[in-house]
Amino acid sequence: ERDDFTRGEKRLVGVPGAIVLGLMTSIQGSSPLNGFMPNFMRRGTIVAHAQKVAEADNFLVNESVSLESLSVTRLLEACNDRLIGVIGRSDEELRQDLSDWLDLAVVTPKNRTQATGEIFNENLARTALMGYYSLESTRDARCTSYLPRNLFQGQILSTPTEVDQQRKR
């Protein structure tokens, strides 16, 4: 297996600090010490988490585990580990998001690297996916976190013409 990435690339050195802090907080929870922790330690937390998720992803795909066979508890655990929002969502929605995750993190990269010989930075890919799903869950109207939801409310509910109509009233 080719391994052409530098240690820094594997350790997410190029990922902006704000994203690293946000993901670390999502993974571990908020702590006053997070602000004082050096960025390399934060990145280490995310890399360790991404590697743990990668092992589970590879198991699910390589052993052809049916996502329908996962208990609700295991499904919620799998989604939470990947920062896929679970609040107010049906089991079917969660299974679909987990299936999409596995396709993006394991199946598609494996097929592409076999076909083209390209290399794939699993840590970076999973970090990007965690960031995407974390942000996507805050945009969901069923999200219980009001601050992030309100930040994105304008993007979700209002088109320019709706805003203009509201101003005219």
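In this report, we go over the structure that sits alongside the text. (Residues numbered from 1 in each chain as written. Predicted model: local features only at pLDDT ≥ 70, side-chain atom pairs only at ≥ 80, totals over all residues. Heavy atoms only, no water.)

Turning our attention to the side chain of S134. Relative to the elements of secondary structure, S134 occurs in helix α6 (residues 122-139). With residues near it in sequence (within four places) discarded, S134 still touches S26 and L83. (Helix = DSSP H or I, 4+ residues; strand = E, 2+ residues; numbered from the N terminus. Contact = heavy atoms within 4.5 Å.)

This next bit is on the nonpolar core. Of all hydrophobic cores here, the largest spans 27 residues; its most connected members are I46, L75, C79, L98, W101, L102 and M130. Going through the elements one at a time, α2 (17-28), α3 (39-62), α4 (72-81), α5 (91-116) and α6 are the ones with two or more residues in this core. With 6 residues, α5 is the largest single contributor of residues to this core. The residues touching I46, leaving out its near neighbours within four places in the chain, are L12, V20, L23, M24, I27, T127 and M130. (Core = buried A, V, L, I, M, F, W, Y, C linked by side-chain atoms within 4.5 Å. Buried < 20%, exposed > 50% of the residue type's maximum accessible area, 1.4 Å probe, protein only.)

A word on the environment of Q51. The topology assignment puts Q51 in helix α3. Spatially, the C-alpha atoms of Q51 and N123 are 7.0 Å apart, while their sequence positions differ by 72 residues.

On to the packing of aromatic side chains. If you walk through the whole model with that rule in mind, you get 2 aromatic pairs. Consider the rings of W101 and Y133, whose centres lie 5.9 Å apart with planes at 45°: the pair is tilted. You can see W101 sitting in helix α5 and its partner Y133 sitting in helix α6, a full 32 residues away along the chain. The class of W101 is buried, set by a relative accessible area of 0%. Under the relative-accessibility criterion, Y133 is labelled buried at 6%. (Phe/Tyr/Trp six-rings, centres within 6.5 Å; stacked < 30°, edge-to-face > 60°.)

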